[in-house]
Amino acid sequence: MDLALVADPDVTELAGEVLARAFHDDPVVRWLLPDDPGTALMFTTLARYSHAITEVAYDAEGAMVGAALWDPPGHQPDEAGLPGFVEAMGERVSYGMALEETLAAHRPAEPHWYLAQIGTLPEVRGSGVGGALLRAGLARCAGLPVYLESSKESNVPLYEKYGFHVTEEFRLPDGPPMWGMWRAAF
């Protein structure tokens, strides 16, 4: 399996499609976009404008099978992405704003790396793609803590295997729960 850091908009578009498929049954994504029409565009916009690093995994045939979006300490999203979010979310854009406000309110103040999203295609789950993406990202974060929010309680034990621990459980406004998770500097 190959991993690549990318900045090419064409690759971020494909990463958005991969993440949309990876998160097809995610409670937070279903809360944001219950009818699913703009999910791929939302993830593409996140990869292109909101997050600093898009890391992708390819299978032996060269097909993209996983993606992760990361931010270094102090990263700020590019506001040029706002039209993409409005197009992707339509009438649900207020849910996206509520999500961002809630996440920001729970994010630690201490400088840290942030794992915003990580996902693999459903057909490769359990094959090690997600673990490879996570290990590659954590290697880059050496010396600083890492924070993420798990949107599925069933994923909490997976992150715990990589040294994360739950710092809190919180709920989105009229929405599903999330688990803030922290990994100390290493």
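Look up: the structure comes first, before these words.
Residues numbered from 1 in each chain as written. Predicted model: local features only at pLDDT ≥ 70, side-chain atom pairs only at ≥ 80, totals over all residues. Heavy atoms only, no water.

S.K.: Help me out: how do you make sense of the packing of aromatic side chains in this one?
M.R.: In total, this model carries 5 aromatic pairs according to the counting rule given. Ring centres of Trp31 and Tyr95 lie 5.1 Å apart, and the angle between their planes is 70°; on these two criteria the pair is classed as edge-to-face. One end of the pair, Trp31, is in helix α2 (residues 27–32); the other, Tyr95, is in helix α5 (residues 93–106), with 64 residues separating them in the sequence. By relative accessible area, which is 29% here, Tyr95 ends up partly exposed. (Phe/Tyr/Trp six-rings, centres within 6.5 Å; stacked < 30°, edge-to-face > 60°. Helix = DSSP H or I, 4+ residues; strand = E, 2+ residues; numbered from the N terminus. Buried < 20%, exposed > 50% of the residue type's maximum accessible area, 1.4 Å probe, protein only.)

S.K.: What exactly am I supposed to notice about unusual backbone geometry here?
M.R.: Leave glycine aside and you will find that most residues have negative phi; peptide bonds, for their part, are mostly trans. Even without a glycine there, the phi angle at Asp174 is positive, about 55°. Relative to the elements of secondary structure, Asp174 occurs in the loop between β6 (165–171) and β7 (177–183).

S.K.: Looking at this structure, I do not really get the side chain of Thr39. What am I missing?
M.R.: Inspection of the secondary structure puts Thr39 in helix α3 (residues 39–50). Setting aside its immediate chain neighbours within four residues, Thr39 contacts Ala20, Val29, Arg30 and Leu33. (Contact = heavy atoms within 4.5 Å.)

S.K.: Teacher, can you tell me more about the pairing of strand β3 (residues 64–71) here?
M.R.: Within a regular beta strand, the side chains point alternately toward one face of the sheet and then the other, so they alternate between its two faces. With 8 of its 8 residues buried, β3 lies for the most part within the structure. Between strand β2 (residues 53–58) and the antiparallel strand that follows it, β3, lie 5 residues; Gly62 among them carries a positive phi value of about 90°. Bridge count between β3 and strand β4 (residues 113–120): 6 bridges; the pairing is antiparallel. Bridge pairing in β4 links Ala68 to Ile118. (Pairing = 2+ DSSP bridges.)

S.K.: What's the story with the pattern of salt bridges in this structure? I'm lost.
M.R.: Two side chains bearing opposite charge may form a pair once their charged atoms approach each other closely. Enumeration according to the criterion identifies 4 salt bridges in this entry. The residue Arg21 makes a salt bridge to Glu123 at a minimum N-O spacing of 2.8 Å. Within this pair, whereas Arg21 is found in helix α1 (residues 9–22), its partner Glu123 is found in the loop between β4 and α6 (129–140), the two being separated by 102 residues in sequence. For the salt bridge of Lys152 with Asp25, the shortest nitrogen-to-oxygen distance reads 3.0 Å. Residue Lys152 is located in the loop between β5 (146–150) and α7 (156–160), and its partner Asp25 is located in the loop between α1 and α2; the two are separated by 127 residues in the primary sequence. (Salt bridge = Lys/Arg side-chain N within 4 Å of Asp/Glu carboxyl O.)

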